[in-house]
Amino acid sequence: MTVTTDSSNNNNNAAPLPASTAALLDLARLRRSIYTLSPTSPIPDAQLRQLVEHAVTHMPSGFNTQSSRVVLLLHDEHKKLWRGVVRGIFEGMVERGEVPREVWEGQTRGKLESFERGYGTILFFEDPTHIAPMSEKFPIYKDGFPQWAQHTNAIHQYFLWLALHSVGLGANLQHYNPLIDEAVIKSWSLPTHWKLTAQMVFGTPAAEAGEKTFKPLEERVKVFGAQ
Ligand SMILES: Cc1cc2nc3c(=O)[nH]c(=O)nc-3n(C[C@H](O)[C@H](O)[C@H](O)COP(=O)(O)O)c2cc1C
């Protein structure tokens, strides 16, 4: 069953939460995927850089491997990603018949153009060179390292999504990897072993988020021993 209301605030008998916690919950509740973006930012680029550096410094990582890598593309570099790199790859695939022309013209091209209208893109990567030494050092956990690296990367993504929202920027999360990995690495002369995990497009919101439905909390949360 799917319900449309958010029931996560329904604990009416509980004492009010500390203000900082209430602010955090509001940030989490109000962060949404925003696809209609304009190419402006309420904060300067130096502060965007600060958000990224804060994420990379302070996010937790499995065994403190600090394996996540982040690249911030702004202005012309952001446009170069969506108009030059990604669009170029799709146009090649359409030419070769690998993507139907009607899919390109009816869907993909418009999507890429909407990303291009944003202010910037955050590229998330993992550096896999951290996995092999950890697997050797802790063989008992070796199967866990690749997925913990993905979890670590997702923590960076979510933190930055919230941080962008907190300053008034909207964002959406894209996954054109692995299609674009090689071209991205080449275009910005990045280490060739970095693995692209996600692309977060952001800008000033130019339209509301779409409607969101919520599955019942009772099916998704269980609490034992509460007093
Ligand atoms: C792990 C993950 C992968 C996602 N991948 C994509 C994606 O490739 N393209 C996209 O448009 N949205 C993607 N999204 C956004 C989700 O569709 C979106 O978060 C979800 O529908 C809930 O909407 P909200 O972000 O507005 O709360 C992804 C979200 C997550 C958490």
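The chain appears in an unreviewed UniProt entry as Nitroreductase domain-containing protein from Polytolypa hystricis. Turning to the chain, the UniProt annotation filed under Sequence similarities (unreviewed entry) states: "Belongs to the nitroreductase family."

Participant: Provide a residue-level description of the overall build of the chain, including the pertinent values.
Facilitator: Scanning the chain for helices and strands turns up 7 helices and 5 strands. When the helices and strands of the chain are listed from N to C terminus, the series reads α-β-α-β-α-α-β-α-α-β-α-β. Expressed as lengths along the three principal axes of its C-alpha atoms, the size of the chain is roughly 65 × 50 × 40 Å. Counting the 227 residues in the chain, one finds 37% classified as buried. Nonlocal contacts in the chain, meaning residues at least 24 apart in sequence, comprise 84% of its contacts between residues at least 6 apart. Just so you have it, the chain exposes about 13600 Å², and 55% of that area is on carbon and sulfur atoms. In the chain, 22 side chains carry a positive charge and 23 a negative one; their mean positions are 1 Å apart.

Participant: So what about the packing of helix α3 (residues 76–95) against helix α4 (residues 101–116)? Which residues, and what values?
Facilitator: With their axes 9 Å apart at the nearest point, α3 and α4 run at an angle of 170° to one another. One finds that α3 runs roughly antiparallel with respect to α4. Contacts between α3 and α4 pair H78, K79, W82, R83, V86, R87, F90, E91, V94 and E95 from the former with R101, W104, T108, R109, L112, E113, F115 and E116 from the latter. Residues of the contact of α3 with α4, tallied by class, amount to 7 nonpolar, 2 polar and 9 charged.

Participant: Give me the lowdown on the site of the ligand, citing residues and values where you can.
Facilitator: Taken together, R31, R32, S33, Y35, W161, L173, Q174, H175 and K212 make up all the residues around the ligand. Between L173 and the ligand, the recorded distance is 3.0 Å, taken from a backbone N or O atom to a nitrogen atom. Residue H175 places a side-chain N or O atom 2.9 Å away from an oxygen atom belonging to the ligand. In isolation the ligand offers 620 Å² of accessible surface; the protein chains occlude 52% of this area. Partitioning the shell around the ligand into residue classes produces 3 nonpolar, 3 polar and 3 charged.

Participant: Give a description of the UniProt feature "domain: Nitroreductase" (unreviewed entry) in the chain that names residues and reports values.
Facilitator: Here the UniProt feature "domain: Nitroreductase" (unreviewed entry) sits at residues 30–203. Along residues 30–203 the backbone is 50% helical and 17% strand, and the end-to-end C-alpha distance reaches 16 Å.

Participant: Talk me through a nonpolar patch on the surface; I want residue IDs and the actual numbers.
Facilitator: A cluster of nonpolar side chains, namely F63, I140 and Y141, defines an oily patch on the protein surface of about 340 Å² accessible area. Looking at the secondary structure, you find F63 in the loop between α2 (45–58) and β2 (68–74). Here F63 falls in the partly exposed class, since its relative accessible area comes to 36%.

Participant: Residues and numbers for the pattern of salt bridges, please.
Facilitator: A side chain with one charge may pair with a side chain of the opposite charge, provided their charged atoms come close. Applying the stated criterion across every chain, the model contains 10 salt bridges. As a salt-bridge pair, R29 and D26 come within 2.9 Å of each other at their nearest N and O atoms. Of this pair, R29 and D26 both sit in helix α1 (residues 19–30), separated by 3 residues, roughly a single helical turn. Note that D127 and R69 form a salt bridge whose closest N and O atoms lie 3.4 Å from each other. In this pair, D127 sits in the loop between β3 (120–126) and α5 (131–137) while R69 sits in strand β2, placing the two residues 58 residues apart along the sequence. Take D127 and R69: they sit in the same class, and that class is buried. Salt bridges here are not isolated pairs; linked through shared partners, they connect R87, E91 and E113.

Conventions we followed
Residues numbered from 1 in each chain as written. Predicted model: local features only at pLDDT ≥ 70, side-chain atom pairs only at ≥ 80, totals over all residues. Heavy atoms only, no water. UniProt positions renumbered as here; feature names shortened; annotations may be inferred. Helix = DSSP H or I, 4+ residues; strand = E, 2+ residues; numbered from the N terminus. Buried < 20%, exposed > 50% of the residue type's maximum accessible area, 1.4 Å probe, protein only. Contact = heavy atoms within 4.5 Å. Areas by Shrake-Rupley, 256 points an atom, 1.4 Å probe, with all protein chains shown as cover. Lys, Arg positive; Asp, Glu negative; His and termini not counted. Charge placed at Lys NZ, Arg CZ, Asp CG, Glu CD. Axes fitted to C-alpha atoms, helices over the stretch in contact; angles between N-to-C directions. Parallel < 35°, antiparallel > 145°, perpendicular 65-115°, else oblique. Nonpolar A, V, L, I, M, F, W, Y, C, P; charged D, E, K, R; others polar. Near = heavy atom within 4 Å. Polar contact = N/O pair within 3.5 Å; in protein donor to acceptor, adjacent residues only side chain to side chain. Patch = residues over 30% accessible without salt bridge, like charges linked within 9 Å, V, L, I, M, F, W, Y side chains within 5 Å. Salt bridge = Lys/Arg side-chain N within 4 Å of Asp/Glu carboxyl O.

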